[in-house]
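Residues per chain, in single letters:
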Amino acid sequence: MSDTPKSYYQRHIFFCLNKRDNGEACCADHDAQGAFDHCKSRVKKEGLMGPGKVRVNKAGCLDRCAGGPICVVYPEAVWYTYVDKDDIDEIVDSHLKNGQVVERLLTPPDVGR
Ligand code: FES
């Protein structure tokens, strides 16, 4: 038997949906909710949703707001800055489905809040 427990989900993607009302940058200003909804419906449509497969979750601020809108995929801990629904489609088709990181959407490593 392996020492490493099997992950409940093969991949888990979190979208920051944080909204700030004080004028500071936040992912909600970039239609993060729309991207989340789109990702969830694509993952469902592709039959990827569920135990042993993929889970799409909302998150609060992930503290990398300067690169927003932000999402992150585990267990690979790959951070993405997306722009539109085509980018979300690419993350679903390439990474969530096939484990291929979408290099062009990677959040630069030094981007923080
Ligand atoms: S507001 Fe989205 S990472 Fe901070």
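Residues numbered from 1 in each chain as written. Predicted model: local features only at pLDDT ≥ 70, side-chain atom pairs only at ≥ 80, totals over all residues. Heavy atoms only, no water.

Going by an unreviewed UniProt entry, the chain carries the name Ferredoxin and comes from Ottowia flava.

Student: Now, about the overall build of the chain: what can you tell me, with residues and values included?
Tutor: Counting its secondary structure elements, the chain contains two helices and four strands. For the chain, the N- to C-terminal ordering of α and β elements is β-α-β-β-β-α. Taken against the 2.2 N^0.38 rule, which gives 13 Å for 113 residues, the C-alpha radius of gyration of the chain at 14 Å falls within 12% of a compact globule. Along the first, second and third principal axes, the C-alpha set of the chain runs to 50 × 30 × 25 Å. For the chain, buried positions account for 42% of its 113 residues. Partitioning the contacts of the chain with sequence separation of at least 6, the portion at a separation of at least 24 is 64%. Accessible surface for the chain amounts to roughly 6,400 Å². Of this, 50% is attributable to carbon and sulfur atoms. Separation between the mean location of the 16 positive side-chain charges and that of the 17 negative ones in the chain comes to 7 Å. (Helix = DSSP H or I, 4+ residues; strand = E, 2+ residues; numbered from the N terminus. Rg over C-alpha atoms; globule rule 2.2 N^0.38 Å. Buried < 20%, exposed > 50% of the residue type's maximum accessible area, 1.4 Å probe, protein only. Contact = heavy atoms within 4.5 Å. Areas by Shrake-Rupley, 256 points an atom, 1.4 Å probe, with all protein chains shown as cover. Lys, Arg positive; Asp, Glu negative; His and termini not counted. Charge placed at Lys NZ, Arg CZ, Asp CG, Glu CD.)

Student: Which residues make up the packing of aromatic side chains, and what are the values?
Tutor: For the structure shown, the criterion picks out four aromatic pairs. For the pair Tyr 8 and Tyr 9, a centre-to-centre distance of 5.0 Å together with 80° between the ring planes defines the contact as edge-to-face. A relative accessible area of 56% means that Tyr 8 is categorised as exposed. In this structure an aromatic cluster arises from ring pairing among Phe 15, Phe 36 and Tyr 82. Sitting above the plane of the Trp 79 ring, Arg 64 keeps its charged end 4.8 Å from the centroid. (Phe/Tyr/Trp six-rings, centres within 6.5 Å; stacked < 30°, edge-to-face > 60°. Lys NZ or Arg CZ within 6 Å of the ring centre and 35° of its normal.)

Student: Describe helix H1 (residues 32–45), listing the residues and the values that go with them.
Tutor: Because the α-helix completes a turn every 3.6 residues, residues three or four places apart line up on one side. Here H1 is 14 residues long and its end C-alpha atoms lie 20 Å apart, about the 20 Å a rise of 1.5 Å per residue gives. Next to the buried residues of H1 lie strand E1 (11–16), strand E2 (54–59) and helix H2 (85–98). Downstream of H1 by one or two residues, Gly 47 has phi in the positive range, about 70°. (Expected span 1.5 Å × (residues − 1).)

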